[in-house]
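Structural characterization, general
Given next are the chains, with one letter for each unit.
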Amino acid sequence: MHIAGEMLIGQAAFKGSAGQMKATDPARNIEIEPAFGMATPADLQRACELAAQAFDSYRETTLEKRAQFLEQIAQNIIDIGPQLIERAMQESGLPQARLEGERGRTVNQLRLFAKVVRDGLFLGATLDSALPERVPPRSDLRMRKIGVGPVAVFGASNFPLAFSVAGGDTASALAAGCPVVVKAHPAHPGTSELVGKAIQKAVADCGLHEGVFSLVIGDVQIGGDLVAHPAIKAVGFTGSRGGGLALVRIAQARKEPIPVYAEMASINPVFLLPGALKAGAARIAQGFADSLTMGSGQFCTNPGLLIALEGPELNEFAAAAAAAVQAKPSTTMLTPGIHKSYEAGVGKLSALDKVELLAQGGAGSTACAAQPHLYSTDVETFLSTPALEDENFGPSSVLVRCRDAADMRRIAEHLEGQLTSTVHANADDREIASGLLPTLERKAGRILFNGFPTGVEVAHAMVHGGPFPSTSDPRSTSVGATAIDRFLRPVCYQDAPEWALPSTLANANPQNVPRVVDGKIQPGA
């Protein structure tokens with residue numbers, strides 16, 4: 001497939017005329033051809049108008065047709081072949097194996113949502129029969145969930161496939177029956193064009209309205225204008241806290257405020273309890289170093305904070321972790337801008353009083369190489385130094401040494417909302433762990449035991465979200481089957497004649513969706 005530097009508005013593909021941009025190869029810090037034309041306000045207007053026109057017909061497609069559409073996107077992405085991986089490697093600096101795995105995750109997300117759609121549970125179909133003899137009488141009431149309307153999706157820098165053009169936000173919005181307008185991330189426009197054309201082809205192959213999908217390329221202003229456009233009814237975003245909150249402000253300032261589901265920042269505390277360390281300090285230390293440096297530390301679930309009790313077990317862990325981090329090589333970061341921010345972050349940490357550098361990894365050999373860093377400090381310094389709680393996007397982490405379990409609980413209570421919290425514990429640690437858990441439940445969307453948070457499984461029970469500021473809405477998840485709920489709203493039909501009912505609420509239930517009828521669950525086909 002030829003990369004032409006084009007954006008996609010419905011079934012049209014063309015170069016925008018509002019200026020040009022190129023991707024950068026971060027390993028060499030040089031620009032990559034071709035140049036991409038950026039969207040004009042008229043281009044954005046056209047994309048949003050088409051999405052609005054597509055909404056009513058798309059949300060009423062049969063569940064089977066919508067599921068087939070999602071599966072067709074997945075197949076079209078696979079059919080791109082090696083070119084997709086090669087271009088993503090060039091634009092991101094990520095290794096081939098990582099990107100091949102990410103492509104698999106992207107395809108699996110689409111197939112998961114195809115299953116969610118076919119199952120029909122997401123509709124929440126509920127029927128309460130009329131009770132005309134009751135005093136007062138009750139009307140016939142029927143409820144289902146429908147898509148909220150066109151959704152704006154912003155591609156993420158650190159996952160050019162799985163959190164980008166056909167990533168989880170797009171997959172869940174399309175599954176909900178919502179057309180999508182994606183703003184491509186400027187770090188990987190070529191990858192975005194390839195995947196966008198795969199979705200565009202699926203729209204045509206499945207005979208859907210062309211406005212079901214569009215891909216725009218543009219600057220910050222175009223992104224803000226997309227969120228502000230009255231046709232857009234919700235936003236999915238993965239990125240920095242500053243970027244996410246800027247979109248929230250735009251969305252709330254509209255005449256019709258809309259939800260922004262922004263996944264933003266997290267330092268993902270890891271609590272290391274003494275029984276677990278006594279049983280396997282070296283093993284845990286190696287697992288930590290592997291997790292810290294995975295993908296050059298450019299994960300929103302990176303373990304950026306360790307909390308442990310003073311003692312011989314911690315001393316053994318600290319020595320092993322320092323050795324493991326020191327053995328890690330520097331690796332290429334996603335963009336020159338991200339690399340510059342990381343370097344500034346470790347510089348700030350290194351300059352703090354009462355913060356000790358325990359280890360740093362090997363020196364870099366590429367233009368945007370990130371050197372891993374591990375720091376150590378005490379409880380009072382951590383609690384009184386806000387900079388130690390900032391997410392430093394990259395392979396750096398801080399170890400906080402606690403005097404007792406009460407110190408651990410103080411830190412847990414002090415922390416902002418997090419995507420994840422992790423506890424390394426065994427049966428000997430039950431009392432300490434049980435004391436931490438109520439706080440961690442309030443502070444995080446996912447609580448792990450005896451592992452590390454950088455793996456986010458695409459599954460029905462997964463939660464990738466958490467209290468502010470890890471996300472802008474703690475009631476939602478951006479990964480897993482329930483991500484579809486972000487883009488749905490309930491509609492009740494009262495005393496509607498049979499001919500006016502949607503098929504999923506009709507007496508015959510022709511799509512065989514599971515329903516709750518008069519308080520009793522009726523499974524579908």
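If you're wondering where the values come from, they're calculated on a predicted model, not measured in any experiment. (Residues numbered from 1 in each chain as written. Predicted model: local features only at pLDDT ≥ 70, side-chain atom pairs only at ≥ 80, totals over all residues. Heavy atoms only, no water.)

Helix and strand counts for the chain stand at 14 helices and 23 strands. A globule of 525 residues ought to have a C-alpha radius of gyration of about 24 Å, and the chain, at 25 Å, matches this closely. Projecting the C-alpha coordinates of the chain onto the three principal axes gives extents of approximately 75 × 65 × 40 Å. Relative to all contacts within the chain whose residues are 6 or more apart in sequence, the contacts with residues 24 or more apart total 76%. As displayed, the chain offers around 20,300 Å² of accessible surface, 54% of which is attributable to carbon and sulfur atoms. Between the averaged position of the 46 positive side-chain charges in the chain and that of its 53 negative side-chain charges there is a distance of 3 Å. (Helix = DSSP H or I, 4+ residues; strand = E, 2+ residues; numbered from the N terminus. Rg over C-alpha atoms; globule rule 2.2 N^0.38 Å. Contact = heavy atoms within 4.5 Å. Areas by Shrake-Rupley, 256 points an atom, 1.4 Å probe, with all protein chains shown as cover. Lys, Arg positive; Asp, Glu negative; His and termini not counted. Charge placed at Lys NZ, Arg CZ, Asp CG, Glu CD.)

Bringing the packing of helix 4 (residues 96-119) against helix 5 (residues 168-176) into the picture now. Axis angle and axis distance: for two packed helices, these are the angle between their axes and the distance between the axes, and together they describe the pair. Contact pair helix 4 / helix 5: the axes reach a minimum separation of 9 Å and the direction vectors enclose 20°. Classified by the interaxial angle, the pair formed by helix 4 and helix 5 is roughly parallel. Between helix 4 and helix 5 the crossing geometry is right-handed. Only Gly168, Ala171, Ser172 and Ala175 of helix 5 make contact with helix 4, whose side of the interface consists of Gln109, Leu110, Phe113 and Val117. Residue composition of the contact of helix 4 with helix 5, by class: five nonpolar, three polar and no charged. (Axes fitted to C-alpha atoms, helices over the stretch in contact; angles between N-to-C directions. Parallel < 35°, antiparallel > 145°, perpendicular 65-115°, else oblique. Left-handed = near helix turned anticlockwise from the far one by under 90°. Nonpolar A, V, L, I, M, F, W, Y, C, P; charged D, E, K, R; others polar.)

Counting 101 residues, the largest nonpolar core has Phe69, Ile77 and Val235 as the members making the most contacts within it. Per element, the largest residue contribution to this core is eight residues, and it comes from helix 2 (residues 63-80). Of the residues that make up this core, three or more belong to each of domain 1 (7-264 + 475-486) and domain 3 (493-522). Ignoring sequence-local partners within four residues, the contact set of phenylalanine 69 consists of Tyr58, Leu174, Ile199, Ala202, Val203, Cys206, Leu208 and Val212. If you look at the next biggest cluster of nonpolar residues, it comprises 36 residues, including Ile307, Ala370, Ala412 and Ala433. (Core = buried A, V, L, I, M, F, W, Y, C linked by side-chain atoms within 4.5 Å. Buried < 20%, exposed > 50% of the residue type's maximum accessible area, 1.4 Å probe, protein only. Domains from an automatic or database assignment.)

This part covers the domain arrangement of the chain. The domain architecture assigned to the chain consists of domain 1 (7-264 + 475-486), domain 2 (269-449) and domain 3 (493-522). When domain 1 packs against domain 3, close to 1,500 Å² is buried across both sides, 50% of that on carbon and sulfur atoms. Ranking the residues of domain 1 by area buried against domain 3 places Leu127, Arg142 and Arg144 at the top, with a combined share of 42%. Here domain 1 is connected to domain 3 by zero salt bridges. One can count 12 residue pairs in polar contact (both at pLDDT 80 or more) joining domain 1 with domain 3. For the side of domain 1 that touches domain 3, the secondary structure elements donating two or more residues are strand 5 (126-128) and strand 6 (141-147). Taken together, the residues of the side of domain 1 that touches domain 3 break down into seven nonpolar, five polar and six charged. (Buried area = accessible area lost by both parts, 1.4 Å probe. Salt bridge = Lys/Arg side-chain N within 4 Å of Asp/Glu carboxyl O. Polar contact = N/O pair within 3.5 Å; in protein donor to acceptor, adjacent residues only side chain to side chain.)

Tracing the chain through its elements places serine 157 in the loop between strand 7 (151-154) and helix 5. Not counting chain neighbours up to four residues away, the residues in contact with serine 157 comprise His185, His188, Leu334 and Ile338.

All chains considered together, the criterion is met by six aromatic pairs. Between the aromatic rings of tyrosine 58 and phenylalanine 69, the centroid separation amounts to 6.1 Å while the plane-to-plane angle is 85°, which identifies the pairing as edge-to-face. With tyrosine 58 in helix 1 (residues 41-59) and phenylalanine 69 in helix 2, this pair connects stretches of sequence that are 11 residues apart. Assigned by exposure class, tyrosine 58 and phenylalanine 69 land together as buried. Between phenylalanine 288 and phenylalanine 317, the ring centres sit 6.4 Å apart and the planes meet at 55°, which makes this aromatic pair tilted. Taken together, the residues span a long stretch of sequence, with phenylalanine 288 in helix 9 (residues 274-293) and phenylalanine 317 in helix 10 (residues 312-326) at a distance of 29 residues. Side by side, phenylalanine 288 and phenylalanine 317 carry an identical accessibility label, which is buried. Put simply, the rings of Phe159, Phe163 and Phe299 touch in pairs and so form one group of aromatic residues. Taking the ring centre of phenylalanine 55 as reference, the NZ or CZ of arginine 59 above it sits at 5.3 Å. (Phe/Tyr/Trp six-rings, centres within 6.5 Å; stacked < 30°, edge-to-face > 60°. Lys NZ or Arg CZ within 6 Å of the ring centre and 35° of its normal.)

Turning to the sheet that holds strand 21 (residues 488-494), a few remarks are in order. Read across the open sheet, the five strands follow the order 21-6-5-22-23; overall the sheet is mixed. The strands lining the two open edges of the sheet, one partner per strand, are strand 21 and strand 23 (520-522). The average angle at which neighbouring strand axes cross in this sheet is 25°, direction not considered. Bridge count for strand 6 against strand 21 is seven bridges, and the pairing is antiparallel. (Pairing = 2+ DSSP bridges.)

With that settled, consider the environment of arginine 409. When you line up the elements, arginine 409 lands in helix 13 (residues 405-414). Judged by relative accessible area, arginine 409 falls into the partly exposed class, the value being 37%. On a C-alpha basis, the gap between arginine 409 and lysine 233 in space is 40 Å, while along the polypeptide they are 176 residues apart. Those residues in contact with arginine 409, other than ones at most four positions away along the chain, are Gly435 and Leu436.

The seven strands lie next to each other as 15-17-18-13-12-19-20, forming an open sheet whose pairing is mixed. If you trace the sheet from one side to the other, it starts and ends with strand 15 (356-360) and strand 20 (444-449), each paired once. Neighbour to neighbour, the strand axes of the sheet diverge by 20° on average, direction disregarded. Each of strand 17 (373-378) and strand 18 (396-402) is contacted by helix 11 (residues 336-351), which is oriented at about 35° to strand 17, the strand it contacts most.

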